[in-house]
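Coordinate analysis (summary)
Each chain, written out:
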Amino acid sequence: MFKLYNRCTLFKGFLAACAVVLLFPIHSSAKENETSEMKTVQHVYVDDDFVGSLTDDKGLQSSLEEKVEDTKAAYPDAVINADSQVTLIPEQMFEEPDRDSLVIDKVIHDLKVKADAYEIMIGDEGVAYVSSKADAEEVIKSILLQYVTEKELEQYEGKKQGEVNDTQESRVTDILLSKSVESKAVHVDPAKLIDVKEAIEVINEGTHVNAVYETKDEETLADIEDITDVEITRLLELNPDINDETKLESGTELQVEVPVSYLDIRVEREVFRNKKIAFETKIIKDEQLYEGEKKTDVKGKPGNRVITYKTIEMNGQPIEETVTDDRVASEAVTQVEREGTKEVPSRGTGTFAWPADGGYISSKQGQRWGKLHKGIDIARPVTKTITAADNGVVEFAGIGSGYGNMVIIDHKNGYKTTYAHLDSLAVHSGQVVPKGTKIGVMGSTGHSTGVHLHFEIHKNGALADPLKYINQ
Ligand SMILES: [Zn+2]
């Protein structure tokens, strides 16, 4: 438990004891009494400081063990270092030492039992004590992981070992610490040990340096607290010659504290970003198509650019971004369209075509169930396509009361035709429709009892009989 030294040159305390031995013969005339009155005592040192002398070290041993056990109980998580700083040096002496119990009490009082610890060093400054090397490494890694992801860190470490990254994923190219970060084994008072989380907080919080603040016109301590972020109580501590009553003259120099980080972490990355390239549209005039008609020969497709950036972050804050490469990964495909130039006949010919694909007349114009049936009904067609009976312009395409989905075409020659109960419409109002243009699909919308087309012809605003104009 404690070390015994016999070499008297080890401690300065010993030299004083030697002096007593050397001086004694001057005051003693009875040389033969020397050996009979001399006793072996143990000089006790704690951390090289002389505490007292014992005639018997047995009591000290058990007291030391007890103190170590007490410390272990108080700090169950710490690894208590049982290597004592107590040293005993024996000596033959004539003088009666102090009472052993007093010396033991003083040794126990002076002795600080220590725990195994790792000190985290940033630069040459120790910032925290943790209880194991694994904890110290976790703290250091956690600090880094505030600014890079675990995956990035792994890739970065891998790259440092010579692995090649040829993927197009963004990656960390450099991590620079403003100071070295490492840990070293030490022994400390177990009260100084903190856990990983606390150590991270301590490092993130940083420290501060002293600075001088020169006051301006009529600034109060409260103003200075706002500006410098140093609390008034602390300002008064730092500047003992002022108090909260002092009127500060302009130009007064005050001691303040400025926060500084223990460590700045600069992360450089190579970042790839994709950017769409819009496609162009080429239009070819085509006289085979009616004006307003359009056909797409080649469908356009956007291209892709890959832009490479070098980004720099300092403690997580972006500070720089530069483009290092910009290349086309895939070209855009130009869309090719044809637009019709053939003039559309909007004026009717005066002769009407059958508006359905086959079918038969299921109901004629005239009185039906006490009401006038204004047109004819055509049912059971081959396909359900409904077509314009003559050239014209769509006057209405929408829902009519009782008619359901309907189209009215103005033939611009005094005639209009109506197509009702359509399932769906294929034209819009204002559209020029040459004779035979598909205008919708036969259906049973509105007041209808089955799928059929209701067809009307109007001449100069008056109802006409369709059967006088169309043939099946
Ligand atoms: Zn009808």
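Residues numbered from 1 in each chain as written. Predicted model: local features only at pLDDT ≥ 70, side-chain atom pairs only at ≥ 80, totals over all residues.

Points about the overall build of the protein
Scanning the protein for helices and strands turns up nine helices and 31 strands. Counting over 472 residues, the protein shows a buried share of 21%. Counted over contacts in the protein with a minimum sequence separation of 6, partners at least 24 positions apart contribute 70%. (Helix = DSSP H or I, 4+ residues; strand = E, 2+ residues; numbered from the N terminus. Buried ≥ 20, exposed ≤ 12 C-beta atoms within 10 Å, placed from the backbone. Contact = placed C-beta atoms within 7 Å.)

Comments concerning the packing of helix 3 (residues 58-74) against helix 4 (residues 100-110)
For any two helices packed against each other, one specifies the inter-axial angle together with the distance between the axes. Contact geometry for helix 3 and helix 4: axes closest at 10 Å, N-to-C directions at 30°. Here helix 4 runs roughly parallel to helix 3, going by the angle between their axes. Both helix 3 and helix 4 take part in a crossing whose hand is right-handed. Along its contact with helix 3, which presents Gly-59, Leu-60, Ser-63 and Lys-67, the element helix 4 presents Asp-100, Ile-104, Val-107 and Ile-108. When the residues that make up the contact of helix 3 with helix 4 are grouped by side-chain class, the tally is four nonpolar, two polar and two charged. (Axes fitted to C-alpha atoms, helices over the stretch in contact; angles between N-to-C directions. Parallel < 35°, antiparallel > 145°, perpendicular 65-115°, else oblique. Left-handed = near helix turned anticlockwise from the far one by under 90°. Nonpolar A, V, L, I, M, F, W, Y, C, P; charged D, E, K, R; others polar.)

Focus on the environment of Gln-92
Inspection of the secondary structure puts Gln-92 in strand 5 (residues 86-93). Assessed through the 12 C-beta atoms surrounding it within 10 Å, Gln-92 is described here as exposed. Placed 55 residues apart in sequence, Gln-92 and Glu-37 show a C-alpha to C-alpha distance of 9.7 Å. Not counting chain neighbours up to four residues away, the residues in contact with Gln-92 comprise Met-38 and Thr-40.

Some thoughts on the sheet that holds strand 13 (residues 281-290)
Read from one edge of the open sheet, three strands run 13-17-14, paired in mixed fashion. Only two strands of the sheet have a single neighbouring strand rather than two, namely strand 13 and strand 14 (294-298). Going across the sheet, the axis of each strand differs from the next one's by a mean of 30°, ignoring polarity. Examined bridge by bridge, strand 13 and strand 17 (residues 335-342) share seven bridges and lie parallel to one another. Opposite Ile-283, over in strand 17, you have Glu-337 as the bridge partner. (Pairing = 2+ DSSP bridges.)

Digging into the packing of helix 5 (residues 133-144) against helix 7 (residues 196-205)
Two numbers describe how helix 5 lies on helix 7: the axes approach to 9 Å, and their chain directions differ by 45°. The orientation of helix 5 relative to helix 7 falls into the category oblique. The two elements helix 5 and helix 7 cross, and the hand of that crossing is right-handed. Between helix 5 and helix 7, the residues in contact are Asp-135, Glu-138, Val-139, Ser-142 and Ile-143 and Val-196, Ala-199, Ile-200 and Ile-203, respectively. Class assignment for the residues of the contact of helix 5 with helix 7 results in six nonpolar, one polar and two charged.

Observations regarding the environment of Glu-280
Checked against the element boundaries, Glu-280 lands in the loop between strand 12 (265-277) and strand 13. Considered as a pair, Glu-280 and Val-333 are 53 residues apart in the sequence and their alpha carbons are 7.5 Å apart.

Notes on the pairing of strand 24 (residues 392-400)
Strand residues, when the strand is regular, have side chains that alternate between the two faces of the sheet. Relative to strand 28 (residues 432-433), strand 24 runs antiparallel, the two sharing two bridges. Across the sheet, the residue bridging to Val-393 is Val-432, located in strand 28. As defined by bridge partners, strand 24 adjoins strand 25 (residues 404-410) across seven bridges and the pair is classed as antiparallel. Paired with Val-393 across the bridge in strand 25 is Asp-410. Once strand 24 ends, the chain turns through three residues before running back antiparallel as strand 25, passing Gly-402 with a positive phi of about 80°.

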